[in-house]
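Topology and contacts: notes
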Amino acid sequence: MREFTFAVTYERGSDPLMDLFVEHPELAADSMGATLGPNAFCRVERFTGPREALDAVEGLRTDPSYAGECLGETTCGATGDTHVLEREPERRVVYSYVDGVGGCTSIHALAGKYLDPGTLFESRREGDRHAWRLLLRSDHNVGLFYDALTGGLREGLSFRTGHLRDAETWRHGPLAGAELPGEQRVALHEAFRRGYYETPREISLEELADELGVPRSTLSYRLRRAEARLVRTYAETRLPD
């Protein structure tokens, strides 16, 4: 089994769904899907974030006129069904079946055209970035898939390659594991990015709080809550009873 990772970055105004992630830093989405031949695919997405952002996401995902799968200049003209499986104040889980994507520049359509049957898709949306991990049966036609995808991106979208290598781990699916509230996730991400967890630390809690524009006590509370949830999830899933 092989894995191919890459990311697509969206400029503001190039896609209404991705604009919501830019406008709401606490909004994030994980998904898992699979192709169903060259023209169709199914997908389950979990969105987490503030209610107003989730309401807007649900409105787009259930709007048949939103052509969010196509990355090229022409729309796909796809059809399908969307069902909200779970609706909570800070979480939505959405199932989609999409048909008629053949011939358009979408990741699922190009994978159905070029890659081996049985390809699995994991993805993460956050900010202006949509990151992908494709699990492949082989490297067959990966180059053709790459050329078709990168050569067909519309204005405002950019592509960044990750890696192509053996898939040596199963990540328990992007919908599993610890689910952090948006404020905790942002705090933890920024703390990691700015070197708060390095030894020695590259930034103090006070400095990080100033950069994020929150009181030191608030940031400390969010980090403690996030750390506790991560440890609890790890213990429940990794340690014996």
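A brief structural summary. Since this is a predicted model, take the numbers as computed values, not measurements. (Residues numbered from 1 in each chain as written. Predicted model: local features only at pLDDT ≥ 70, side-chain atom pairs only at ≥ 80, totals over all residues. Heavy atoms only, no water.)

Geometry of an aromatic ring pair is reported as the spacing of the ring centres plus the angle between the planes. Scanning the model with the defined rule gives nine aromatic pairs in all. Aromatic side chains Tyr146 and Phe159 sit 5.5 Å apart centroid to centroid with 75° between the ring planes, which places their arrangement in the edge-to-face category. Of this pair, Tyr146 sits in helix 4 (residues 142-151) while Phe159 is found in strand 8 (residues 157-166), placing the two residues 13 residues apart along the sequence. On the basis of relative accessibility, which here comes to 32%, the residue Tyr146 falls in the partly exposed class. Among the aromatic residues, ring-to-ring pairing joins Phe4, Phe6, Phe121, Trp132, Phe145, Tyr146 and Phe159 into one connected group. (Phe/Tyr/Trp six-rings, centres within 6.5 Å; stacked < 30°, edge-to-face > 60°. Helix = DSSP H or I, 4+ residues; strand = E, 2+ residues; numbered from the N terminus. Buried < 20%, exposed > 50% of the residue type's maximum accessible area, 1.4 Å probe, protein only.)

A separate point is the side chain of Arg154. With respect to the secondary-structure elements, Arg154 resides in the loop between helix 4 and strand 8. Of the residues examined, Arg154 reaches a relative accessible area of 14% and is grouped as buried. A distance of 2.8 Å separates a polar side-chain atom of Arg154 from the backbone oxygen of Ser14. Reaching out from Arg154, the side chain makes a polar contact with the backbone oxygen of Cys70 at a distance of 2.7 Å. (Polar contact = N/O pair within 3.5 Å; in protein donor to acceptor, adjacent residues only side chain to side chain.)

Here we take up the pattern of salt bridges. Applying the stated rule across the entire model yields 21 salt bridges. Residues Asp139 and Arg2 are paired through a salt bridge, measuring 2.8 Å at the closest nitrogen-oxygen approach. Residue Asp139 is found in the loop between strand 7 (129-136) and helix 4, and its partner Arg2 is found in strand 1 (residues 2-10); the two are separated by 137 residues along the sequence. Looking at Asp139, the relative accessible area reads 34%, which means it is partly exposed. Two residues, Arg12 and Glu23, come together in a salt bridge whose shortest N-O distance is 3.8 Å. Residue Arg12 is located in the loop between strand 1 and helix 1 (16-23), and its partner Glu23 is located in helix 1; the two are separated by eleven residues in the primary sequence. Residue classification places Arg12 among the exposed residues on the basis of a relative accessible area of 56%. Residue classification places Glu23 among the partly exposed residues on the basis of a relative accessible area of 45%. What emerges from the salt-bridge pattern is a single network uniting Asp30, Arg46, Arg124, Glu126 and Arg185. (Salt bridge = Lys/Arg side-chain N within 4 Å of Asp/Glu carboxyl O.)

Looking now at the sheet that holds strand 7. Taken in spatial order, the eight strands line up as 4-5-3-2-6-7-1-8 in an open sheet, and their pairing is antiparallel. Each end of this open sheet is capped by a strand with a single partner; those strands are strand 4 (79-88) and strand 8. Here the average twist between neighbouring strands, direction ignored, is 15°. Looking at chain direction, strand 3 (residues 40-48) and strand 5 (residues 91-99) are connected through nine bridges and run antiparallel. (Pairing = 2+ DSSP bridges. Axes fitted to C-alpha atoms, helices over the stretch in contact; angles between N-to-C directions.)

Moving on to the pairing of strand 7. Among the eight residues of strand 7, seven are classified as buried, and the element is accordingly described as predominantly covered. Both strand 1 and strand 7 contribute to a ladder of eight bridges, which runs antiparallel. Looking across to strand 7, one finds that Thr5 is bridged to Arg133. Summarising the sheet, strand 6 (residues 120-126) and strand 7 pair through seven bridges and their orientation is antiparallel. By the bridge assignment for strand 7, Arg124 is matched with Ala131. Linkage of strand 6 to strand 7, two consecutive antiparallel strands, is achieved through a turn of two residues, within which Gly127 is found at a positive phi near 60°.

Listed as buried for helix 4 are Val142, Phe145 and Leu149. With its buried residues spanning 60° around the axis, helix 4 presents them on a single face. Taken together, the buried residues of helix 4 touch strand 1, helix 3 (107-114), strand 7 and strand 8. (Arc of directions from axis to C-beta. Contact = heavy atoms within 4.5 Å.)

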